[in-house]
Amino acid sequence: MYRLQDAGGNPRAPDRLSGRFAPSPTGPLHVGSLIAAVASRCEALSSGAAWHLRIDDIDPPREQAGARDAIPPSLARFGLHWTGPIRFQSARLPGYRDALTDLASKGLLYRCRCTRAMLAGASCYPGSCRHRVARPGCDTTLSHSPWPSVADALRLRLDGSIHIDDAVQGRQHTVLEQNPGDIVVRRRDGLVAYALATAVDDADVETVVRGADLLEATTAQCAILRALDLSAPRWAHVPVALDGNGDKLGKSTSARAIDTMEPLSTLQAVWSFLGQARFAADTLDAFWREAPRRWSMQEVPAVRSRLAPSGLA
Ligand code: GLU
């Protein structure tokens, strides 16, 4: 019921043999996302899997005008070509709604009216609204754009614990009541929460490769998948690049825009950053012919962040 649909809107058979790159259109392609794109493409291609591009456009207030259109050509300039049509999360709302309805039918969702101010200082949600159980259907609607007035958020009850065997960061164990606690799966403005949308879409993916800044989010996504009786993908969280001040290189920092004029040398810097052994390639095509064959996830440094080499910072 939550499966991706083909271009004609028909249900598609599970496609476990795939990797994905899933930028949010909140700004142009930046160094952090380029690292995730290269690592996820190498991992997918090295195992003969397809590599998909998914644009996570489910948060219109955070989107930057033009970013949705700018990201695909920037990727193509680095030879980062994807398989099939671009997938847009904004086109997947019916699947997310089905997932919410399923969670509500299992009695796992409740309507939460707590505000940020009410929760200030709490390390995780104290469960105050747990008794306000959501009804499937009428309480599980979603919106494409923020509702004019705020409503109840929908929270998912999380109990028990989760183990994640991350291919780079190793085994992670989390007690859900402590972290993250009951999570919001539909926001108070009617928009689907990132954790739910991404969990549902990644149920179709073989290995999710992305930046280690998203490692915490993985716990919530695994818990959602478990509640939906879907199996989790393999996870691999690669280090995030830091500038000389220790800040993450990304759209929110003053890092210079990604250099699309010298794509080959930028790719080589990303390759070294990911701990891979250097090899000679004098064209983008030559780089991409070799890179998936030489890619080794074992060589990726098992750290959450590391200083970017001068070619990237
Ligand atoms: N779209 C989110 C981002 O760009 C999540 C990416 C992911 O899950 O890989 O931060």
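A short tour of the structure in this document, coming up. Quick caveat, the model's predicted, so the values are computed rather than measured.

The element helix α5 (residues 194–202) is extensively covered by neighbouring structure, given that eight of its nine residues are classed as buried. Against β1 (18–21), β2 (50–55), α3 (93–105), β8 (183–186), β9 (207–211) and α6 (215–227) lie the buried residues of α5.

Here we take up the packing of aromatic side chains. Going through the model one piece at a time under the given rule, you end up with seven aromatic pairs. Between the aromatic rings of Phe21 and Trp51, the centroid separation amounts to 6.3 Å while the plane-to-plane angle is 15°, which identifies the pairing as stacked. Linking Phe21 in strand β1 with Trp51 in strand β2, this pair joins segments that are 30 residues apart in sequence. According to the relative accessible area criterion, Phe21 is buried, its value standing at 5%. A ring pair is formed by Phe287 and Trp288, whose centres lie 5.2 Å apart and whose planes are at 90°; its orientation type is edge-to-face.

Spatially, the three strands line up as an open sheet ordered β4-β5-β8, and their pairing is antiparallel. Among the strands making up the open sheet, the edge pair consists of β4 (109–112) and β8. Strand-to-strand twist of the sheet, defined as the mean angle between neighbouring strand axes without regard to direction, takes the value 45°. Where β4 lies against strand β5 (residues 153–156), four bridges are found, and the strand directions are antiparallel. When the bridges of β5 are listed, Leu109 appears paired with Leu156.

Looking now at the pattern of salt bridges. Pairs can form between side chains of opposite charge whenever their charged atoms are close. Taken as a whole and assessed by the stated rule, the structure comprises 24 salt bridges. For Arg234, the salt bridge identified is with Glu43, shortest N-O distance 3.2 Å. Remark: Glu43 occurs in helix α1 (residues 31–46) and Arg234 occurs in strand β10 (residues 234–238); sequence separation between them is 191 residues. What makes Arg234 partly exposed here is its relative accessible area of 40%. Classification of Glu43 as buried rests on a relative accessible area of 11%. Lys106 is the partner of Asp229 in a salt bridge, and the nearest nitrogen-oxygen pair spans 2.9 Å. Of this pair, Asp229 sits in the loop between α6 and β10 while Lys106 sits in the loop between α3 and β4, and the two are 123 residues apart along the sequence. By relative accessible area, which is 63% here, Asp229 ends up exposed. A residue is classified by how much of its surface remains accessible, and Lys106, at 35% relative accessible area, is partly exposed. Look at the salt bridges and you will find they share partners, linking Arg111, Arg113, Arg132, Arg135, Asp139 and Asp152 into a network.

With that settled, the discussion passes to the packing of α1 against helix α8 (residues 284–294). Remark: α1 packs on α8, axes separated minimally by 8 Å, with the N-to-C direction vectors making an angle of 70°. With respect to α8, the axis of α1 lies roughly perpendicular. The two elements α1 and α8 cross, and the hand of that crossing is right-handed. Here α1 contributes Val38, Arg41, Cys42, Leu45 and Ser46 to the contact with α8, which in turn contributes Trp288, Ala291 and Pro292.

Reading guide: rules and limits
Residues numbered from 1 in each chain as written. Predicted model: local features only at pLDDT ≥ 70, side-chain atom pairs only at ≥ 80, totals over all residues. Heavy atoms only, no water. Buried < 20%, exposed > 50% of the residue type's maximum accessible area, 1.4 Å probe, protein only. Helix = DSSP H or I, 4+ residues; strand = E, 2+ residues; numbered from the N terminus. Contact = heavy atoms within 4.5 Å. Phe/Tyr/Trp six-rings, centres within 6.5 Å; stacked < 30°, edge-to-face > 60°. Pairing = 2+ DSSP bridges. Axes fitted to C-alpha atoms, helices over the stretch in contact; angles between N-to-C directions. Salt bridge = Lys/Arg side-chain N within 4 Å of Asp/Glu carboxyl O. Parallel < 35°, antiparallel > 145°, perpendicular 65-115°, else oblique. Left-handed = near helix turned anticlockwise from the far one by under 90°.

These figures come from the coordinates and say nothing about function on their own.
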